[in-house]
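# What the coordinates show
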Amino acid sequence: MSDFSPAPELAPWQRTAAGAGLLADDGRIAATIFAEMSALALRTGAINLGQGFPDEDGPAEVLEAARQAIADGINQYPPGIGLPVLREAIARHQHRFYGVDVDAASEVLVTAGATEALAATLLAFVDTGDEVVTFEPYYDAYAALIARAGGVHRTVPLHFPDWRPDPDELRAAVTDRTRLIIVNSPHNPTGVVFDDEILELVVELATRHDAIIVTDEVYEHLTFGVAHRPIATLPGAWERTVSISSGGKTFSTTGWKIGWLTAPAPLVTAVLAVKQYLTYVNGAPFQPAIAVGLELPDAFFSEAAAALARKRDVLVGGLTAAGFAVSTPQAGYFVIADASPLGVDDGAAFCRELPERAGVVGVPVSAFVHGDRHDVYRSLVRFAFCKRLPVLEEASARLRRLG
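The following paragraphs examine the structure supplied in this document. (Residues numbered from 1 in each chain as written. Predicted model: local features only at pLDDT ≥ 70, side-chain atom pairs only at ≥ 80, totals over all residues. Heavy atoms only, no water.)

## A look at the packing of helix H11 (residues 298–322) against helix H13 (residues 389–400)
- Put simply, H11 and H13 touch, their axes get as near as 8 Å, and they point 10 degrees apart. For the element pair H11 / H13, the angle class is roughly parallel. The residues of H13 that touch H11, namely those facing Arg310, Lys311, Val314, Leu315, Gly317, Gly318, Leu319, Ala321 and Ala322, are Leu389, Leu392, Glu393, Ser396, Leu399 and Arg400.
- Residues belonging to the contact of H11 with H13 are distributed by class as follows: eight nonpolar, three polar and four charged. (Axes fitted to C-alpha atoms, helices over the stretch in contact; angles between N-to-C directions. Helix = DSSP H or I, 4+ residues; strand = E, 2+ residues; numbered from the N terminus. Parallel < 35°, antiparallel > 145°, perpendicular 65-115°, else oblique. Contact = heavy atoms within 4.5 Å. Nonpolar A, V, L, I, M, F, W, Y, C, P; charged D, E, K, R; others polar.)

## Overview of the packing of aromatic side chains
- According to the stated counting rule, one finds 15 aromatic pairs in the structure shown.
- Arranged with centres 5.6 Å apart and planes meeting at 90 degrees, the rings of Tyr139 and Tyr142 form a pair that is edge-to-face.
- A residue is classified by how much of its surface remains accessible, and Tyr139, at 22% relative accessible area, is partly exposed.
- Since its relative accessible area comes to 2%, Tyr142 is described here as buried.
- For the ring pair Phe324 and Phe383, a centre distance of 6.0 Å and an interplane angle of 80 degrees mean the geometry is edge-to-face. Of this pair, Phe324 sits in the loop between H11 and strand E9 (325–327) while Phe383 sits in strand E13 (residues 380–384); the two residues are 59 residues apart in sequence, bridging distant segments of the chain.
- Note on Phe324: relative accessible area 5%, which makes it buried.
- The buried category is assigned to Phe383, whose relative accessible area is 0%.
- Sitting over the face of the ring of Phe334, Arg382 holds its NZ or CZ atom 3.6 Å from the ring centroid.
- Over the ring of Phe53 we find Lys387; its NZ or CZ atom is 3.8 Å from the centre of that ring. (Phe/Tyr/Trp six-rings, centres within 6.5 Å; stacked < 30°, edge-to-face > 60°. Buried < 20%, exposed > 50% of the residue type's maximum accessible area, 1.4 Å probe, protein only. Lys NZ or Arg CZ within 6 Å of the ring centre and 35° of its normal.)

## A closer look at the sheet that holds strand E5 (residues 178–184)
- Reading across from one edge, E2-E8-E7-E6-E5-E3-E4 is the order of the seven strands in this open sheet, with mixed pairing throughout. In the strand order of this sheet, the two ends are held by strand E2 (108–112) and strand E4 (152–157), each with one partner. Geometrically, the sheet is characterised by an average inter-axis angle of 25 degrees between neighbouring strands, direction not taken into account.
- Both strand E6 (residues 212–216) and strand E7 (residues 241–246) contribute to a ladder of four bridges, which runs parallel. Of the residues in E7, the one forming a bridge with Val214 is Val242.
- Its contacts with the sheet place helix H5 (residues 113–125) against E2, strand E3 (131–136), E5, E6, E7 and strand E8 (258–262), and it is angled at close to 160 degrees to E7.
- Docked against the sheet, helix H9 (residues 265–275) engages E2, E7 and E8, running at close to 25 degrees with respect to E2. (Pairing = 2+ DSSP bridges.)

## Looking at H11
- For H11, built from 25 residues, the straight-helix expectation of 36 Å at 1.5 Å per residue is met to within 8% by its first-to-last C-alpha distance of 37 Å.
- Of all the positions in H11, only Phe300, Phe301, Ala305, Leu308, Ala309, Lys311, Arg312, Leu315, Val316, Gly318, Leu319 and Ala322 are classed as buried.
- Note on H11: the residue one or two positions beyond its end, Gly323, has a positive phi of about 110 degrees. (Expected span 1.5 Å × (residues − 1).)

## Side note on the environment of Glu356
- Here Glu356 shows up in helix H12 (residues 347–358).
- Classification of Glu356 by relative accessible area gives exposed; the value is 62%.
- Through-space distance from the C-alpha of Glu356 to that of Phe34 is 17 Å; in sequence the pair is 322 residues apart.

## Re the sheet that holds strand E10 (residues 334–338)
- Pairing within the open sheet is antiparallel, and its four strands lie in the order E9-E10-E13-E12. Edge positions in the open sheet fall to E9 and strand E12 (363–364), since each of these has one partner strand only.
- Contacts from H11 reach E9, E10 and E13, with the element oriented near 10 degrees to E10.

Any link to function would need more than the numbers given here.
Pasting the structure below:
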């Protein structure tokens, strides 16, 4: 009799966890690197630049609108598709900033943050074996959601320090098996804003292979000297594109979880059929508050980006002085630094040591890639600069000690 016993088949939740790189050797869910680094920050008193949430409140008008909505009794289930006041504000926002005309009644869907919009979209359109293409590194939820939908995750690498994808690698990744192409621009975690050449190539490939384009545009207003162009504005893109965004990053209200998507009505209907069995509805008093935010004057949006750019520059300066090679982001909340000039060849191990060595927490970029690509990004670390200036100044001073 053979001593060999085949490995037990994984349960569905284990397959999802394995697809996201979260399954430990003993079959249990492993702690994410974010939970681990946050616990290290708490234990050591280090400054936590690992997670991307602001430490300041958003605009007073938006916060007051939420309080007023609660006082006015907007505390029960809103419509499944979202309150009309927010859907109409989203439609006006798309026209105001991008010249895109959408029907608030049938082409806008409010969701529990952008992540639920992504989840519902993937579950609506991806069947077992369908391929989903993303750029890599990627927002960590993508891998888990693709796995849960039964899809096959294909990636196109972005290359440090300019993070520009190779068009030939993009062409090779998209085939007739591709069901969805996810385009995250402005990009997390690299901060790159894809240029028209890459966006046009995505549309060309999606059209040729009859794929749906899904965009993740949550950093759309937080760009630094470069304009964000939604892919849905390109010729031939609108009819096959689901555009996703949220109010959390723009208005520093990440805990409210108010997101949305815009798309042609048949695509919205398909996503709504899934979304109604996820959260059903969410955030009733926060929806009119985010509507107020979307109507703020242009000066608010430009000043928010300028303030964030100043914070970026403080952290980039500190990292450079410490001896890192730094990729200066064009947008978003994060800067990626290469620790190899400091003699580091394992970013994950370095991040576990950094709280004790410098009193600062970052996360390894290897947390945002497939396991077989870890070596490509091995020495890279992501730091968040969406914090108060004094916090970033202190973090920069601590990091300089490494140099």
